[in-house]
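Descriptive analysis of the structure
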2 protein chains.
Amino acid sequence: MAKRDHAEVCAEVCTHPEILEKVAPEMPDEERLYDLAELFKVFGDTTRIRILYVLFESEMCVCDIAALLNMTQSAISHQLRILKQARLVRSRLDDDHVRTVIGQGMEHIEEKHGRKRA
Amino acid sequence: MAKRDHAEVCAEVCTHPEILEKVAPEMPDEERLYDLAELFKVFGDTTRIRILYVLFESEMCVCDIAALLNMTQSAISHQLRILKQARLVRSRLDDDHVRTVIGQGMEHIEEKHGRKRA
DNA sequence: AAAACATATGAACATCTGTTCATGTGTTAG
DNA sequence: CTAACACATGAACAGATGTTCATATGTTTT
């Protein structure tokens, strides 16, 4: 009995209603947050990041990308589809936000790890 | 035989050495790209994005977050650990890069979908 | 038209990821 | 000290994700 209460306490008792009431209305709607997570999910894979980086440098055919990344043509094709669906890549790279977002991310990890090289 | 050749062609034949030689040296090192993907992976989950957004608004206890997001305390705790490991959250929110990166991402999806509301 | 080239795709599979459940740990109040 | 509170964590499981393999679908060349 004491144990069961214990389990329930934190989930139901320890909330501060003022905070909830203040914060809840400020949250973006669920759809927006979902889309945002989806976007970052696309960036969250080494293969796709590498693809974006090679496309920063030059437009090139799928086979060249595959050769550069030392992966199969099929794998690249699958990943390119995901990048296109997210509108990050069209025929070539799509827009500047891609560079900006990735750039900001890179700055973050640079700062944290205190490395050199831009 | 013709079929086997077909399968091999694209992976080995259709590369343009000039491009490979030009682009390859420009690529950041693998470790860096890996870390970058890891960072975005952290942003690439709705629960974690929502946690970051509530923490934008106010410092609060785990149980409040759980109540706000309508999830268990355990789930939040697990996700908070990931955010802390990525140094995005300390006791409260960590730094401005977090806001900047997320803001850029949001701008991207806004632009694409042509929605209103900042 | 046939062959070569370039890319796309579906199924299968192994791995990774997020949540839940149960419980552990540390801290504060009585 | 004991109970209440706040948070952390490990195992288990279901669902998602990335790669491979085999093959399909365009598109040029010849």
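Residues numbered from 1 in each chain as written. Chains lettered and ligands numbered in written order. Predicted model: local features only at pLDDT ≥ 70, side-chain atom pairs only at ≥ 80, totals over all residues. Heavy atoms only, no water.

This next bit is on the overall build of chain A. The secondary structure content of chain A amounts to seven helices and zero strands. For chain A, the α and β elements follow one another from N to C terminus as α-α-α-α-α-α-α. The burial tally for chain A puts 46% of its 118 residues in the buried class. Taking the intrachain contacts of chain A between residues at least 6 apart in sequence as the baseline, contacts between residues at least 24 apart amount to 50%. About 6,600 Å² of surface is accessible on chain A, with carbon and sulfur atoms providing 50% of the total. (Helix = DSSP H or I, 4+ residues; strand = E, 2+ residues; numbered from the N terminus. Buried < 20%, exposed > 50% of the residue type's maximum accessible area, 1.4 Å probe, protein only. Contact = heavy atoms within 4.5 Å. Areas by Shrake-Rupley, 256 points an atom, 1.4 Å probe, with all protein chains shown as cover.)

Right, let's talk about the interface of chain B and chain A for a bit. Of the residues lining the interface, 64 residues belong to chain B; the matching set on chain A comes to 64 residues. Summed over the three residues of chain B that lose the most area to chain A, namely R32, F40 and H97 of chain B, the buried surface amounts to 12% of that side. Applying the counting criterion to the chain B and chain A interface returns four salt bridges. We note a salt bridge from R32 of chain B to E110 of chain A, for which the minimum N-O separation is 2.0 Å. Taken together, the connections running from chain B to chain A amount to four residue pairs in polar contact (both at pLDDT 80 or more). Sorting the residues of the side of chain B that touches chain A by element identifies α2 (17–23), α3 (30–43), α4 (46–57), α5 (62–69) and α7 (96–113) of chain B as the ones contributing at least two each. When residues in the side of chain B that touches chain A are grouped by element, the largest group, 14 residues, is from α7 of chain B. Its residues assigned to classes, the side of chain B that touches chain A comprises 29 nonpolar, twelve polar and 23 charged. (Buried area = accessible area lost by both parts, 1.4 Å probe. Salt bridge = Lys/Arg side-chain N within 4 Å of Asp/Glu carboxyl O. Polar contact = N/O pair within 3.5 Å; in protein donor to acceptor, adjacent residues only side chain to side chain. Nonpolar A, V, L, I, M, F, W, Y, C, P; charged D, E, K, R; others polar.)

So, on to the packing of aromatic side chains. Inspection of every chain in the model, using the stated rule, returns five aromatic pairs over all chains. Seen from their ring centres, Y53 of chain A and F56 of chain A are 5.2 Å apart, and the 70° between their planes marks the pair as edge-to-face. With Y53 of chain A and F56 of chain A both in helix α4 (residues 46–57) and three residues apart, this pair spans about one turn of that helix. We note that Y53 of chain A, like F56 of chain A, is buried. Through successive ring pairs, a cluster of aromatic residues spans F40 and F43 of chain A together with F40 and F43 of chain B. (Phe/Tyr/Trp six-rings, centres within 6.5 Å; stacked < 30°, edge-to-face > 60°.)

With that settled, the discussion passes to the protein's contact with DNA strand D. Taken together, 24 residues sit near DNA strand D, with C14, T47 and S74 of chain A together with S74 and S77 of chain B positioned nearest. Restricting attention to atoms of DNA strand D within 4 Å of the protein, one finds that 51% of them are sugar or phosphate atoms. A distance of 2.9 Å is found between a phosphate oxygen of DNA strand D and a backbone nitrogen or oxygen belonging to V62 of chain B. H78 of chain B has a polar side-chain atom sitting 2.9 Å from a base oxygen of DNA strand D. Contributing elements (two or more residues each) for the surface near DNA strand D: α1 (2–12), α4 and α6 (73–85) of chain A together with α1 (2–12), α5 and α6 (73–85) of chain B. When residues in the surface near DNA strand D are grouped by element, the largest group, six residues, is from α6 of chain B. (Near = heavy atom within 4 Å.)

By themselves, these observations are geometric and do not establish any function.
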